[in-house]
Amino acid sequence: MAGRKPINAKTSEFTERVVSINRVSKVVKGGKRFRFSVLVVVGDGRSRVGLGIGKAREISEAVRKGIDKATKNMIDLKQVGSSIPHPIIGHFGAAEVLLRPAAPGTGVIAGAVVRAIMELGGVKDVLTKVIGRTSNPVNVAYATMAAVKAMRSPEEILRLRGKDRVEAQEA
């Protein structure tokens with residue numbers, strides 16, 4: 001499921017990737033009605049990434065809805081060089097995702113869901129592991145986004161401690 005360039009001009013600077021497609025059926029008097037739930041990740045490849053779920057009777061319509069939701073829910077992914085600033089664990093439901101910084105040249109060591117979020121967010125080197133009691137793609141994606149939201153850059157941490165960059169290097 002490689003990333004592809006969107007057709008609509010509104011999100012032309014973003015790349016989207018369909019991570020998961022789930023067919024849901026509802027049994028009615030005349031038979032079964034099928035609907036699709038699609039998990040989509042959207043990112044600019046530098047620092048912004050978003051996640052959205054679209055639901056519709058057709059896959060193409062569900063993908064469009066997911067892209068719209070993902071572009072509305074974009075967040076900034078903090079980076080130091082080509083990796084993340086510090087190790088962190090994200091939680092959502094029964095899913096727990098561990099993200100660890102990696103040395104340059106390591107690459108993105110991750111499963112499909114976490115890989116999509118990290119690559120479209122612009123992270124080149126990271127080690128990840130899903131350590132929770134579930135491998136549900138939706139919960140793993142939300143746990144990854146929770147970890148990304150909780151990350152802090154070195155500048156933010158220094159500011160919270162009341163120090164500037166020069167004092168920190170001297171200590």
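The structure under discussion appears in the preceding block.
The present account deals with the structure reproduced in this document. Just so it is clear, the structure is predicted and the values come from calculations on it, not from any experiment. (Residues numbered from 1 in each chain as written. Predicted model: local features only at pLDDT ≥ 70, side-chain atom pairs only at ≥ 80, totals over all residues. Heavy atoms only, no water.)

### Quick notes on the sheet that holds strand 6 (residues 95–101)
Then, number 1: Reading across the sheet, the four strands line up as 5-6-8-7 and stay open at both edges, with mixed pairing between neighbours. Two strands bound the open sheet, and with one partner strand each, they are strand 5 (88–92) and strand 7 (108–109).
Then, number 2: The sheet contact formed by strand 7 and strand 8 (residues 126–130) spans two bridges and is parallel. When the bridges of strand 8 are listed, I109 appears paired with L127.
Then, number 3: Contacts from helix 3 (residues 137–150) reach strand 5, strand 6 and strand 8, with the element oriented near 135° to strand 5. (Pairing = 2+ DSSP bridges. Helix = DSSP H or I, 4+ residues; strand = E, 2+ residues; numbered from the N terminus. Contact = heavy atoms within 4.5 Å. Axes fitted to C-alpha atoms, helices over the stretch in contact; angles between N-to-C directions.)

### Quick notes on the packing of aromatic side chains
Then, number 1: Across all of its chains, the model carries one aromatic pair by this definition.
Then, number 2: Geometrically, the ring pair formed by F92 and Y142 is tilted, given 5.0 Å between the ring centres and 35° between the ring planes. Within this pair, whereas F92 is found in strand 5, its partner Y142 is found in helix 3, the two being separated by 50 residues in sequence.
Then, number 3: Overall, the relative accessible area of 37% leaves F92 in the partly exposed class. (Phe/Tyr/Trp six-rings, centres within 6.5 Å; stacked < 30°, edge-to-face > 60°. Buried < 20%, exposed > 50% of the residue type's maximum accessible area, 1.4 Å probe, protein only.)

### Re the pattern of salt bridges
Then, number 1: Counted by the stated rule, this structure contains seven salt bridges.
Then, number 2: Taking the shortest distance from any N to any O, the salt bridge between D44 and R46 comes out at 3.7 Å.
Then, number 3: By relative accessible area, which is 13% here, D44 ends up buried.
Then, number 4: Linking K78 and E156 is a salt bridge whose minimum nitrogen-to-oxygen distance equals 3.8 Å. With K78 in the loop between strand 4 (75–76) and strand 5 and E156 in helix 4 (residues 154–161), this residue pair connects regions lying 78 residues apart in the sequence. (Salt bridge = Lys/Arg side-chain N within 4 Å of Asp/Glu carboxyl O.)

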